[in-house]
Amino acid sequence: LITADGRLAQAANGRVTRFYDERDGLPKYPLFLMIGARLALVAKDADETLWLVDLPSMQKELLLKKAAGSFPLDKLKFLSTYTDGEGNLWFGTNRHGLFRARKQVIESYSQSDGLTDKTAYPIYQDRAGTIWIGSVGLTKYENGTFTPIESARKFVITAIGNDPLGRLLINNYG
């Protein structure tokens, strides 16, 4: 859990068992928990450098360092983060689309690439390896192509998962 004062709280059996902060090596501003194949924390320093903190080991690694004239990281609001089975890092944002970071490469995707909206909410990888992106509408990403799902085009997708039989489950906010 990320607390209101910027600490990371570890919980077990319904109780907080430990708090982590800068004294434990965390960057100053935790932003989002990353789920998927890796449990991590995305955090930002005062100089707007983004860090990825591996939670089991509490080791941090540089994700993105702000360069002069680059995209203003303070305007980037994460709505979801995910690590897929290949180690790619996915970031759903508010009004800046979807970002994928792969081995020293960060790619940006938008409606012109096939996303249904400029806001990306949940990101999920199913058992077959397909990446699903929820937004106003549902988009799947497989074999390098984004495909909007026509039957969900008017849905506001806020959660994606699978049931025990492998069927895709989505939550429609509207």
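Computed from a predicted model, the values in this text were never measured in an experiment.

With that settled, the discussion passes to the pattern of salt bridges. As enumerated under the stated definition, the model contains 6 salt bridges in all. Salt-bridge contacts for Glu142 lead to Lys140; the nearest nitrogen and oxygen are separated by 2.9 Å. Glu142 gets classed as partly exposed once you look at its relative accessible area, which sits at 31%.

The next point concerns the pairing of strand S6 (residues 59-64). Where strand S5 (residues 50-54) lies against S6, 5 bridges are found, and the strand directions are antiparallel. The residue of S6 that forms the bridge with Val53 is Lys60. Hairpin remark: S5 followed by S6, antiparallel, with 4 residues in the connecting loop; positive phi at Met58, about 60°.

A word on a nonpolar patch on the surface. A cluster of nonpolar residues, Leu1, Val16 and Phe19, forms a patch on the protein surface that exposes about 280 Å² of accessible area. Mapping Val16 onto the fold places it in strand S2 (residues 15-20).

With that settled, the discussion passes to the pairing of strand S14 (residues 145-148). Of the strand pairs in this sheet, strand S13 (residues 137-142) and S14 are connected by 4 bridges, and their pairing is antiparallel. The residue of S14 that forms the bridge with Lys140 is Thr147. A loop of 2 residues connects S13 with S14, the two strands running antiparallel in sequence, and Asn143 in this loop sits at a positive phi of about 55°.

Attention now moves to the packing of aromatic side chains. Applying the stated criterion across every chain yields a total of 4 aromatic pairs. Here Arg7 stacks its cationic end above the ring of Phe19, 4.0 Å away from the centre of that ring.

Glancing now at the sheet that holds strand S9 (residues 98-102). In spatial order, the strands read S6-S5-S4-S3-S7-S8-S9-S10; together these 8 strands make up an open sheet with mixed pairing. The sheet is open, and its two edges are formed by S6 and strand S10 (105-109), each paired on a single side. Averaged over neighbouring strand pairs, the angle between their axes works out to 25° when direction is ignored.

Take the environment of Tyr82 next. The topology assignment puts Tyr82 in strand S7 (residues 78-83). For Tyr82 and Glu107, which are 25 residues apart along the polypeptide, the C-alpha to C-alpha distance reads 15 Å. In this structure, Tyr82 is in contact with Met34, Ile35, Gly36, Asn88, Leu89, Trp90, Ile123, Tyr124 and Gln125, ignoring residues within four places of it in sequence.

The topology assignment puts Asn172 in strand S16 (residues 168-172). For Asn172, a relative accessible area of 31% corresponds to the partly exposed category. Measuring from C-alpha to C-alpha, the distance between Asn172 and Lys154 comes to 9.2 Å, with 18 residues separating the pair along the chain. The residues touching Asn172, leaving out its near neighbours within four places in the chain, are Phe155 and Val156.

Scoring rules and cut-offs
One numbering rule holds for all chains: residues counted from 1, following each sequence as written. It should be noted that, the model being predicted, local features are given only for residues of pLDDT at least 70 and side-chain atom pairs only at 80 or more, the latter also being counted only at that level, while totals for whole chains, interfaces and linings use all residues. The side-chain numbers reported here are obtained from all heavy atoms of the structure, hydrogens and water having been left aside. Salt bridge, as applied in this entry: a Lys or Arg side-chain nitrogen positioned within 4 Å of an Asp or Glu carboxyl oxygen. Buried, partly exposed and exposed residues are distinguished by accessible area as a fraction of the type maximum, computed with a 1.4 Å probe on protein chains only: under 20%, between the cut-offs, and over 50%, respectively. Strand pairing follows a simple DSSP-based rule, namely that at least 2 bridges must link the two strands. Helix and strand labels come from DSSP, where a helix needs a run of H or I of at least four residues and a strand needs a run of E of at least two; each type is numbered from the N terminus. Like charges are joined within 9 Å and nonpolar side chains (Val, Leu, Ile, Met, Phe, Trp, Tyr) within 5 Å, but only among residues with over 30% relative accessible area and no salt bridge; these make up the patches. Using a 1.4 Å probe, accessible areas were evaluated by the Shrake-Rupley method; residue-level cover was limited to the displayed protein chains. Only Phe, Tyr and Trp rings are paired, with Trp represented by its six-membered ring, and only when their centres lie within 6.5 Å; those with planes under 30 degrees apart are stacked, over 60 edge-to-face, the remainder tilted. Criterion for a charge above a ring: Arg CZ or Lys NZ at most 6 Å from the ring centre, at most 35 degrees from the ring normal. Note on definitions: angles span 0 to 180 degrees between N-to-C directions of axes, and those axes are lines fitted to C-alpha atoms, for helices only across the stretch in contact. Residues count as neighbours in contact if any of their non-hydrogen atoms are within 4.5 Å of one another.

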